[in-house]
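The primary structure of each chain is shown beneath.
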Amino acid sequence: MALRLADRWIWDSWYVWDGDTCHAFYLCASRGLGDPDRRHFNANVGHAISQDLMTWTILPDALSPSDSPAFDSLSTWTGSVVKDDDGLWWMFYTGVSREDNGDVQKIGAATSLDLISWEKQTDLPLVVADPNWYETLDKSVWHQEAWRDPWVFKNASGTWQMLITARAKTGDPKTRGAIGQAVSTDLKNWRVLEPLAVSQGDFGQLEVLQYEVVDGVPILLFCCGYRELSDARRVAFGERDATYSLACNGDFSGVDLGRARPFEQQLLYASRLVQGQDGMWNLLGFRNIEDGKFVGEISDPIQVTADPDLGLLPR
């Protein structure tokens, strides 16, 4: 059965296995808000566990906004979880604050010994946009400072790498979405680098990034709403929000975002690749707008594989 809450909407999610238990973390907000657009500034990070990615047990929320002043005093948004070399779990997540009306996105972290109880590292962000390379807040260009959805993993050189939803400093304001990046040796101190890739006339932003090697094929995953697509892509694909995939080189050399293709078997948003205990890869994402209404629940897993030219495909 899908991961659905009777009293709360669910949208972006991220997953990590601990032994035979998969922990799902997800953004959630009360259906009592009435208007689902209000959920973004009323979000907690929820938590559920499963052994099969289909039957879920709901646990207490993992994170809530901090008291002011703090980088996450208004809302806590999408992130990822990794285990460090000493066995400590780290959750990197996005925060927006009351102090700047939620206009500026920043990245912080919380840690846990058991994936259940989380302690925030600090009221200050760990990673912020570098204006040398990235667009910062200018509402005449874009409605927010995009710096969110941190996806953290250990790269081939053994360095911790973070992929970030960002926007390039220059280029067509409509389609200069970028894959921001930062690196660290200890998960505490991060060095922001120039964008890993910048859209050349396709995407206004690349949300909820993920990198995985699926059946031997390195894959970049992200999502984009139709309003942030180029005119050409929107005409070709229609007014549909979707998850996109792109096969790439393992060292991220020569990433061409123009080759990204939508996953059309089921139009889920903010999808994640999750490897099951059987070794098979699955796609899980949230059901967005259907028949004109926001659904707000996580899909059942869709088994997928990957092709070096076509990206993700249904298995």
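Before reading further, recall that the structure is shown in the block above.
Since we're looking at a predicted model, the values are computed, not measured.

Visitor: When you look at the sheet that holds strand β14 (residues 217-224) in this model, what are you seeing that I'm missing?
Guide: For sheets, the rule is that strands pair by backbone hydrogen bonds, running either parallel or antiparallel. If you trace the four strands from one edge of the open sheet to the other, you get β13-β14-β15-β16, paired in antiparallel fashion. Pairing within the sheet leaves two strands with one partner each, and these edge strands are β13 (207-214) and β16 (261-262). Alignment of β13 against β14, held across six bridges, turns out to be antiparallel. Considered in β14, the bridge of Tyr-211 is made with Leu-220.

Visitor: Please clarify how the nonpolar core should be interpreted in this entry.
Guide: The tendency in soluble globular proteins is for nonpolar side chains to be buried side by side. Core analysis: the biggest nonpolar cluster contains 43 residues, and Phe-25, Trp-56, Val-81, Met-91 and Trp-118 have the highest contact counts within it. Sort the elements by how many residues they give to this core and strand β2 (residues 21-30) lands first, with seven residues. Discounting residues that sit within four places of it in the chain, Met-91 has contacts with Trp-14, Phe-25, Val-45, Ala-62, Leu-63, Ser-80, Val-81, Gly-108, Ala-109, Ala-110 and Trp-118. In terms of nonpolar packing, the next biggest core, distinct from the first, is built from 24 residues, Phe-222, Tyr-226, Tyr-244 and Cys-248 among them.

Visitor: Any chance you could explain the pairing of β13 here in plain terms?
Guide: Regular strands show a simple pattern: their side chains alternate between the two faces of the sheet. Of all eight residues in β13, seven are buried, a share of seventy percent or more. Counted along the chain from β13 to the antiparallel partner β14, the turn is two residues long, and its residue Asp-215 has a positive phi close to 50°.

Visitor: Help me understand the sheet that holds strand β7 (residues 106-112) in this model?
Guide: Spatial strand order, β5-β6-β7-β8: four strands in an open sheet with antiparallel pairing. Each edge of the sheet is formed by a strand with only one pairing partner; in this case those strands are β5 (75-83) and β8 (119-120). One ladder, built from seven bridges, connects strand β6 (residues 89-96) with β7; its direction is antiparallel. In the sheet register, Gly-95 faces β7, and the bridge partner there is Lys-106.

Criteria and thresholds
- Residues numbered from 1 in each chain as written.
- Predicted model: local features only at pLDDT ≥ 70, side-chain atom pairs only at ≥ 80, totals over all residues.
- Heavy atoms only, no water.
- Pairing = 2+ DSSP bridges.
- Helix = DSSP H or I, 4+ residues; strand = E, 2+ residues; numbered from the N terminus.
- Core = buried A, V, L, I, M, F, W, Y, C linked by side-chain atoms within 4.5 Å.
- Buried < 20%, exposed > 50% of the residue type's maximum accessible area, 1.4 Å probe, protein only.
- Contact = heavy atoms within 4.5 Å.

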